[in-house]
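Coordinates in review
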There are 2 protein chains.
Amino acid sequence: MQTLTIKDIAKALGVSTSTVSRALRDSHEINPLTKLKIIEYAKSIHFIPNPMAVSLRGKINKSIAIIVPTLHNSFFSEVIEGIDSVAHEKGYHLTIFQTHESFEREVEEIHQAIGRRVDGIAISISGSTNNFDHLANLVDAKFPLVFFDRVPDLTDTPKITIDNLTLAYECTQKIIDKGAKKIAHITTPLILKNIKERFDGFLKCLKDNSIDFDSNLLKVCHFDPKEAEEAVIELLKNDEIDAIFTGSDRITVDVFRVLKKLFPERQEKIFQFGFSNHNIVDLITPPILVVKQPAFQLGVVTAQNLLHNIECKSHNAWKKEDVRIR
Amino acid sequence: MQTLTIKDIAKALGVSTSTVSRALRDSHEINPLTKLKIIEYAKSIHFIPNPMAVSLRGKINKSIAIIVPTLHNSFFSEVIEGIDSVAHEKGYHLTIFQTHESFEREVEEIHQAIGRRVDGIAISISGSTNNFDHLANLVDAKFPLVFFDRVPDLTDTPKITIDNLTLAYECTQKIIDKGAKKIAHITTPLILKNIKERFDGFLKCLKDNSIDFDSNLLKVCHFDPKEAEEAVIELLKNDEIDAIFTGSDRITVDVFRVLKKLFPERQEKIFQFGFSNHNIVDLITPPILVVKQPAFQLGVVTAQNLLHNIECKSHNAWKKEDVRIR
DNA sequence: GTGAAAGCGCTAACAT
DNA sequence: ATGTTAGCGCTTTCAC
């Protein structure tokens, strides 16, 4: 690799390195002619300044960290596409960190990201994170940080979320309109705010329709298909159940699989509805009424907030308000 | 952010920065006691060396670029998981670049990656790349580069691929065994080697079964669902078609959609089979016989080859052979 | 308008 | 075994 430096340019053009540096950053205090000559030459040799040197010297890095539970997931990969579409335009690059739903990994990856001197972090917290000190520290230190989708209870930093409550409410209503009476809910632990909100929207809708919810109809599963299986088996002992609301992408698919495998005949008669961002979920039979989250848009707004704060000189002008995407 | 440096450690412990530096890199020529003291202290203050400084000074960066057409794709995101699993273990981080199937973007992103001084690049080339100079230059410059899945015709650098020919052959055989006689093939342009191989495997199987292939039954579509629709409509004018082989993930789903929308009655009678890495494709009806590529494993092998070459002192010992995954 | 020089945080000769 | 020093590529005072 040609590892050209401004020194090479300076030598070739018979000027000093500082002149080159200034010309390249389009400083006003420089002879337009020299400037032009330098810029032209730099372009001709495909010069790219060494970002290590730039960021060692200055402050910024033009890179942001994205911390997600996993990449291999239709929702998160679409969010990242949204983030990238904004970041790319502004010349930022993404470094990806995965936590695999582990709290320890999350703490470690944040350390790594900071260590790598990223300019900011966009994070969707892991499913097992219930202590937020590592994140609160960042906020206290005024480090540019934006939460998306899975957000903790922290103030003073933007949290970009989807209006889960309303989405859950609306699709529950549709199912009730179709005549469902006895609706079960299978979901992941209610630690995560967005998951909790879906449950709340569901409950609110039942209430508004004067249906009361038997707490036996709520099943909480961790990230293991086995648990979904047990939950379904347990629930279906109740013959009256005519609908199942699933609270997350994975659970939606897991439950569908269990029904198909163990209770094909009952699956025909049970409405399943829930959250999923799988882009071929509309092709499966029997159909599931699916709530698709606006993932790309979530990514766009997340990036906008983060980049605003990164590039904002004064901390007072930082965006700190929560944003809800519909 | 506390931006601690070795200087801080040196001052706190009353030693010189070089002693600290050496202790932290576990140099043998240092007093075990001082070493211990320094390491302990560094740990206690959560010290992470500034990677910018490290890589400015030395050579390596502990980061690799992943260049893919798009992230939001079950196959690529799973490959990246595989790459990350190996890279993470060795302390490398991934910076992701997307080309969105554009040749220009690919050239630009490679420049960016080099500019960022990544230690190596793993790339799956864009669907519209038919000039390989930008890649050949990297190989000539002995820059660590590994191709995966979508590989160009270049020598002297590893190409990690899936044995598409065999996979295509095997599933074609299964369909023939079920009685199919008139099998159409819908695929993306045959520029990409892996796509071409699938076609070849398909043809070979037909030949081995003494079925001859009418070239009218081959339809090539670009990355637009419209084209898939036209292809299907055109093909189904032929009543004898009893099976359709789809050559890529996207095409598989697009074709299924068109059939479902426009020809539901014929869909029942036509075997569809093809490549897809969608993890819920087994749930759709009528079922598609699906070839799932070992994406994670592909990622693992890609990372192993790349990291080997990055960390290898002598260029002679570089891995350069192609690897085929089954 | 341009150059000389210092320094960002770190490592690796080169001393001692 | 440890300290001193130079320098990686760049930006930015401070001179002129």
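Presented here is an overview of the structure given in this document. All figures in this text were calculated on a predicted structure; none of them were measured in a lab.

**A look at the protein's contact with DNA strand D**
Taken together, 24 residues sit near DNA strand D, with Ile6 and Arg57 of chain A together with Ser18, Thr19 and Arg57 of chain B positioned nearest. Between arginine 25 of chain A and DNA strand D, the recorded distance is 3.0 Å, taken from a side-chain N or O atom to a phosphate oxygen. Take arginine 22 of chain B: an N or O atom from its side chain is 2.8 Å from a base nitrogen of DNA strand D. Mapped onto the surface near DNA strand D, the elements with two or more residues apiece are helix H2 (17-24) and helix H4 (51-57) of chain A together with helix H2 (17-24) and helix H4 (51-57) of chain B. Its residues assigned to classes, the surface near DNA strand D shows 8 nonpolar, 10 polar and 6 charged.

**Description of unusual backbone geometry**
All names here are of chain A. Cis geometry is adopted by the peptide bond preceding proline 286, which originates at threonine 285 and carries an omega value of -10°. Even without a glycine there, the phi angle at lysine 142 is positive, about 60°. Here lysine 142 lies in the loop between helix H7 (133-140) and strand S4 (145-148). Given the relative accessible area of 45%, lysine 142 is considered partly exposed.

**Let's talk about the sheet that holds strand S6 (residues 183-187) of chain A**
Residue and element names in this part refer to chain A. What the 5 strands build is an open sheet, ordered S7-S6-S8-S9-S10; its pairing is parallel. Lying at the two open borders of the sheet, with one neighbouring strand each, are strand S7 (218-220) and strand S10 (289-291). With strand direction ignored, the average angle separating the axes of adjacent strands in the sheet is 15°. Examined bridge by bridge, strand S9 (residues 271-275) and S10 share 3 bridges and lie parallel to one another. Paired with phenylalanine 273 across the bridge in S10 is leucine 289. Packed on one face of the sheet, helix H9 (residues 193-208) meets S6, S7, strand S8 (243-246) and S9 and runs near 175° to S6. Contacting S6, S8 and S9, helix H11 (residues 249-262) crosses the sheet at an angle of about 160° to S9.

**Examining the pattern of salt bridges**
Residues and elements named next belong to chain A. Overall, the coordinates contain 35 salt bridges over all chains when judged by the stated rule. Close ionic contact of aspartate 322 with lysine 159 constitutes a salt bridge, the shortest N to O distance being 3.5 Å. Note that aspartate 322 is positioned in the loop between helix H13 (295-311) and strand S11 (323-325) and lysine 159 in strand S5 (residues 159-162), a separation of 163 residues in sequence. Judged by relative accessible area, which is 6%, lysine 159 ranks as buried.

Rules of the game
Residues numbered from 1 in each chain as written. Chains lettered and ligands numbered in written order. Predicted model: local features only at pLDDT ≥ 70, side-chain atom pairs only at ≥ 80, totals over all residues. Heavy atoms only, no water. Near = heavy atom within 4 Å. Polar contact = N/O pair within 3.5 Å; in protein donor to acceptor, adjacent residues only side chain to side chain. Helix = DSSP H or I, 4+ residues; strand = E, 2+ residues; numbered from the N terminus. Nonpolar A, V, L, I, M, F, W, Y, C, P; charged D, E, K, R; others polar. Buried < 20%, exposed > 50% of the residue type's maximum accessible area, 1.4 Å probe, protein only. Pairing = 2+ DSSP bridges. Axes fitted to C-alpha atoms, helices over the stretch in contact; angles between N-to-C directions. Contact = heavy atoms within 4.5 Å. Salt bridge = Lys/Arg side-chain N within 4 Å of Asp/Glu carboxyl O.

Keep in mind these numbers describe shape, not what the thing actually does.
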